[in-house]
Amino acid sequence: MNALLDRYDLTRAAIGAACAEHGREPDKVALLAVSKQQSAAAIRLLAQAGQRDFGENYVQEALGKIKDLQDLTLTWHFIGQLQSNKTRAVAEAFHWVHTVDRTKTAQRLNEQRPHYAPPLQVCIQVKLAEEAPKGGVEPEQVPALAAQIASLPRLRLRGLMCIPPAVEDFDRQYGYFSELARLSASLQQRGLSVDTLSMGMSGDFAAAIAAGSTIVRLGTAIFGARA
Ligand SMILES: *Cc1c(COP(=O)(O)O)cnc(C)c1O
């Protein structure tokens with residue numbers, strides 16, 4: 001388990017180095033620890049080291065861990081593909097959803113978000129290339145979906161999220177992330193108060209930070225390779 005804490009420290013140092021290199025303030029780039037396939041014990045260890053934000057992809061797997069760890073004050077982010085029959089569980093158990101890409105999903109989350117809870121924090125997942133993993137709205141459709149989400153009282157639109165194709169070249173990575181940053185700026189010009197760019201994974205977070213990321217979602221860098 002010490003290896004986990006070592007990787008966690010190294011990861012935070014790497015984020016700090018990327019911020020320094022690209023002129024970003026470190027406290028403007030949050031680290032979301034992607035804990036899919038990881039145990040509640042590993043999450044607890046990171047929580048004791050100060051990590052608060054955790055990302056999960058699979059609803060059933062996440063619900064067990066959220067329950068096991070309810071004595072801790074953690075912020076849970078849903079970052080997987082969201083099926084209609086799972087929206088209620090997500091609306092009840094998570095604080096954030098990064099992967100909203102349809103009007104219908106937004107409506108269901110709005111209806112199902114419990115009234116005792118604060119609004120669900122929402123990012124729109126944007127599809128930046130055809131070869132990208134499934135999910136995401138086309139860039140042209142982002143303004144309409146953003147306006148719809150902003151009008152729903154139980155949701156709070158926070159910004160945009162992307163999973164670009166896995167390429168190794170920094171400049172190509174930067175190109176995708178810059179496109180998301182431009183889309184975000186165009187929403188701000190339309191008067192929408194978005195403040196979040198959820199972009200950057202273990203293989204491309206430095207380029208994402210250079211392009212303006214405010215949340216990097218890192219699994220492998222912290223926990224090691226998944227099975
Ligand atoms: C798994 C996953 C991550 C983390 O990926 P790593 O390459 O392990 O850092 C980030 N975002 C999403 C949406 C994921 O599904």
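All of the points below concern the structure found in this document. (Residues numbered from 1 in each chain as written. Predicted model: local features only at pLDDT ≥ 70, side-chain atom pairs only at ≥ 80, totals over all residues. Heavy atoms only, no water.)

### Re the overall build of the chain
Secondary structure assignment for the chain yields nine helices and eight strands. With the principal axes as the frame, the chain shows a C-alpha extent of 45 × 40 × 30 Å. Residue pairs at least 24 apart in sequence account for 59% of intrachain contacts in the chain once pairs closer than 6 positions are excluded. Across the chain, 25 positive and 23 negative side-chain charges occur, with their mean positions spaced 7 Å apart. (Helix = DSSP H or I, 4+ residues; strand = E, 2+ residues; numbered from the N terminus. Contact = heavy atoms within 4.5 Å. Lys, Arg positive; Asp, Glu negative; His and termini not counted. Charge placed at Lys NZ, Arg CZ, Asp CG, Glu CD.)

### Describing the site of the ligand
Contacts to the ligand come from 13 residues, most closely from K36, N57, S202, T220 and R226. Interatomic distance of 2.7 Å between a side-chain N/O atom of N57 and an oxygen atom of the ligand. One of the side-chain N or O atoms of R217 is found 2.9 Å from a nitrogen atom in the ligand. Notes on the ligand: free accessible area 390 Å², of which the protein chains cover 90%. Of the residues in the shell around the ligand, the class split is six nonpolar, four polar and three charged. (Near = heavy atom within 4 Å. Polar contact = N/O pair within 3.5 Å; in protein donor to acceptor, adjacent residues only side chain to side chain. Areas by Shrake-Rupley, 256 points an atom, 1.4 Å probe, with all protein chains shown as cover. Nonpolar A, V, L, I, M, F, W, Y, C, P; charged D, E, K, R; others polar.)

### Considering helix α6 (residues 142-150)
Where α6 is concerned, the buried positions are V142, P143, L145, A146, Q148 and I149. Residues of α6 that are buried make contact with β4 (96-100), α5 (103-112), β5 (120-126), β6 (155-162) and α7 (170-189). (Buried < 20%, exposed > 50% of the residue type's maximum accessible area, 1.4 Å probe, protein only.)

### Some remarks on the packing of aromatic side chains
Given two aromatic rings, one states the distance between the centres and the angle between the planes to describe the pair. In the structure shown here, the tally under the stated rule is three aromatic pairs. Between the aromatic rings of F78 and F94, the centroid separation amounts to 5.4 Å while the plane-to-plane angle is 80°, which identifies the pairing as edge-to-face. Remark: F94 occurs in the loop between α4 (87-93) and β4 and F78 occurs in strand β3 (residues 75-78); sequence separation between them is 16 residues. The exposure class assigned to F78 is buried, which follows from its relative accessible area of 0%. Centre to centre, the rings of F170 and Y174 are 6.3 Å apart; their planes meet at 10°, and the pair counts as stacked. In this pair, F170 and Y174 are both assigned in helix α7, four residues apart and thus about one turn of the helix distant. (Phe/Tyr/Trp six-rings, centres within 6.5 Å; stacked < 30°, edge-to-face > 60°.)

### Some thoughts on unusual backbone geometry
One non-glycine residue, Q37, lies in the positive phi region at around 70°. Assignment of secondary structure puts Q37 in the loop between β1 (30-34) and α2 (40-48).

### Concerning the nonpolar core
The nonpolar side chains of a soluble globular protein tend to be buried with one another. Of all hydrophobic cores here, the largest spans 65 residues; its most connected members are I15, L109, I124, I149, L160, L180 and I222. The next biggest cluster of nonpolar side chains, apart from the first, holds seven residues, and it includes L32, W96, C123 and M161. (Core = buried A, V, L, I, M, F, W, Y, C linked by side-chain atoms within 4.5 Å.)

### Regarding the environment of K36
Within the secondary structure, K36 sits in the loop between β1 and α2. The spacing of K36 and D6 is 30 residues in sequence and 19 Å in space, taken between C-alpha atoms. In this structure K36 touches G55, E56, N57, Y58, E61, K65 and R226, once residues within four positions along its chain are discounted.

### Details of the packing of α5 against α6
At their nearest, the axes of α5 and α6 sit 10 Å apart, and the two run at 10° to each other. Taken together, α5 and α6 sit at an angle that is classed as roughly parallel. The segment α5 lies against α6, with T103, A106 and Q107 engaging L145, Q148 and I149. Across the contact of α5 with α6, the residue classes tally to three nonpolar, three polar and no charged. (Axes fitted to C-alpha atoms, helices over the stretch in contact; angles between N-to-C directions. Parallel < 35°, antiparallel > 145°, perpendicular 65-115°, else oblique.)

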